[in-house]
Amino acid sequence: MNEERHHEYEPQDVEPLEHEADTMNDVKPTYPSRSEWRPKQEEHVRHKPRVNLKPLLLGGVGGFLGAALFFLAMMLWDSPTSRFVTNELIRTEQAVTVTESDITSAVTGAKTSVVSITNIQRAFTSDSQWEAGAGSGVIYKVDGDTAYIVTNFHVIEEADEINVAFSDGQVASATILGEDPLNDLAVASVKLPANIDVAPIALGDSTVLQAGETVMAIGNPLGVFSNSVTRGIVSGVERTVPVDTNSDGLMDYNAEVIQTDAAINPGNSGGALINIRGELVGINSMKIAEASVEGVGFSIPVNVALPVIDMLERDGEVTRAQLGVTIQEVIAVPGNVREEYGISFDNEDGVFVEAITPGSPAEEAGLRVGDVIVKIGDRDIKRYVDLRDALYRDATVGDKVTIEYTRRGKGSKTVATLTEAT
C-alpha cells in the first residue's frame, strides 16, 4: 500500500512555453496562470494534446514481471529442492516448514549406517558366555570390505567380543580398536559380509545446531527394536554435564553435549542423532532417568567426537596432557589439614595438591604439597572437573600453561610445560 506523500513547492518563474504535465505519482504540476501563457505569434496551428505513454509502459512492464515472478515462485515451491530446509534458512529466521517427506528421506538415507551392537562376555572358569548388554553404533567410514563403527564406551565396556547386526539383519563379529572412557566413545572395525551394501553416514556440523531444530535419534532401544526412530528437537546446545567415568562418586569430567527431547532409551546409546538432511550431528549417549524427568536426553556433538574418533582409530587411545599432581577439592579438605597448610576455612574453591609425581611438570614448575591451584590458563579452577577441563579440553601435550595458586594464603604464579599422561 502506497503511503500518501505531501510535498511543498516554492513558486517558480515559468517561461511562456507550452507546458507538459508532470507524470510523477502524487505530485500536482504547477501551471502558469492564463494571463502569463501566450502562444508564440508566429505559430498559427493549434497543437494536438500529447499523450504520455511512460506510465502505461512502466505499468505494463511491472505487471508482466510480477506475474512472471509469481509463476516462477510457484514452480520452485513445487520442486523437491525447495522443501529442503537448510541451516542457513533457520539462522536467518525465515519461515520454514519441515514436511513428513523431509523426515522419511533423512531417515531412509541414514538408517543403513546404524547398527546394533551386542556385548558378549565370558566366564573365567568355563566356556560359557552371555550377552552382557546391547547398544547401537554408527558406521562413519568404509574402506574396501571393512567398516569402521563409533559407539559409546559403556556399550562395549569389558566385552570379550562384540557382535554387530546390520540393518538387513546380517551379523558379524567386530574388533575393538580403541576406547575412551572420559568421552564415553569407542571405535571398532568389522569385515562386511560379501552380499551387503552399506555406506558411511554423512557427517554434519554440530556447531550450527540451534534450539528448536528438528532432529531424529536412530538406534536399538532395549536391545530388541533395531533401527527404531524417534523424533524431537534440539532442546539446548553446548550443555555441560558432569560425569563419573569410574563410578567412584567423584565427577571426573564436564562432558559437552547436545540436549534433545527425542526419546533415547537403553539400547539407543551409541546410535545416531541426525538432522533433517540425514547428517550425523551427534552420538546418543545418555538420558536422565528419573520418574519426575521426561524428554531430557543427551548426545555427544559430532564435532567433539571426530578428533577422538581419529585418535582411537589411529592409535587405539587418546593422548592427553598431564600436570603430575594428586589433588583433592578444597571444599573436602579436613579441618586439621587446612590448619597445617594455612588454608582459610572460608575458602571453598580450588584444588588442593596432595602429592606431586617426581620429575613431573608440577615439580619442575615449583609446586608443592599443600598448594591450592585456583587457575590454569584462562580457566578458573574451583572443582576437580575444572582441572580436567583445563588439561584435557583446553591444552595439549607440550603446551606451556600459566598456573595460579595460593601457598599459605599468599597468591603466586608459575609456568609448567605439560607432558603426555601415562
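Residues numbered from 1 in each chain as written. Predicted model: local features only at pLDDT ≥ 70, side-chain atom pairs only at ≥ 80, totals over all residues. Heavy atoms only, no water.

(A) Region of the structure containing the packing of aromatic side chains. The final tally for this structure, using the stated rule, is two aromatic pairs. Here the aromatic rings of Tyr140 and Tyr148 are separated by 6.5 Å at their centres, their planes lie at 50°, and the arrangement is tilted. For Tyr140, a relative accessible area of 12% translates into the label buried. Overall, Tyr148 belongs to the buried group, its relative accessible area being 15%. The ring of Tyr148 is capped by Lys141, whose NZ or CZ atom sits 4.9 Å from the centre of that ring. (Phe/Tyr/Trp six-rings, centres within 6.5 Å; stacked < 30°, edge-to-face > 60°. Buried < 20%, exposed > 50% of the residue type's maximum accessible area, 1.4 Å probe, protein only. Lys NZ or Arg CZ within 6 Å of the ring centre and 35° of its normal.)

(B) Geometry of helix α3 (residues 100-111). Taking 1.5 Å of rise per residue, the twelve residues of α3 would be expected to cover 16 Å, and the 16 Å separating its terminal C-alpha atoms lies within 8% of that figure. Taken together, the buried positions of α3 are Asp102, Ile103, Ala106, Val107 and Ala110. Mapping the buried residues of α3 onto a view down its axis gives an arc of 120°, with all of them on the same face. Set apart from the buried face of α3 by more than 90 degrees, the exposed residues are Glu100, Ser105, Thr108 and Gly109. (Helix = DSSP H or I, 4+ residues; strand = E, 2+ residues; numbered from the N terminus. Expected span 1.5 Å × (residues − 1). Arc of directions from axis to C-beta.)

(C) View of the pattern of salt bridges. The tally for this structure, following the rule as stated, stands at twelve salt bridges. Among the ionic pairs, Arg320 bridges to Asp180, the shortest N-O distance being 2.8 Å. Of this pair, Arg320 sits in the loop between α5 (302-315) and β13 (321-322) while Asp180 sits in strand β5 (residues 171-180), placing them 140 residues apart in sequence. Exposure remark for Arg320: the relative accessible area of 14% places this residue in the buried category. Among the salt bridges present, the one from Glu279 reaches Arg277, with a minimum N-O distance of 3.2 Å. (Salt bridge = Lys/Arg side-chain N within 4 Å of Asp/Glu carboxyl O.)

(D) Just α5, in detail. Here α5 is 14 residues long and its end C-alpha atoms lie 19 Å apart, about the 20 Å a rise of 1.5 Å per residue gives. Along α5, the positions that sit buried rather than exposed are Val302, Ala305, Val308, Ile309, Met311 and Leu312. In the segment just after α5, Gly316 is the residue with positive phi, at about 80°.

(E) Highlighting the pairing of strand β19 (residues 410-417). With eight bridges joining them, strand β18 (residues 400-407) and β19 adopt antiparallel strand pairing. Bridged to Thr406 within β19 is Gly411. Taking the residues that link successive antiparallel strands as the turn, the β18-β19 hairpin has two residues, and the phi of Arg408 there is positive, at about 50°. (Pairing = 2+ DSSP bridges.)

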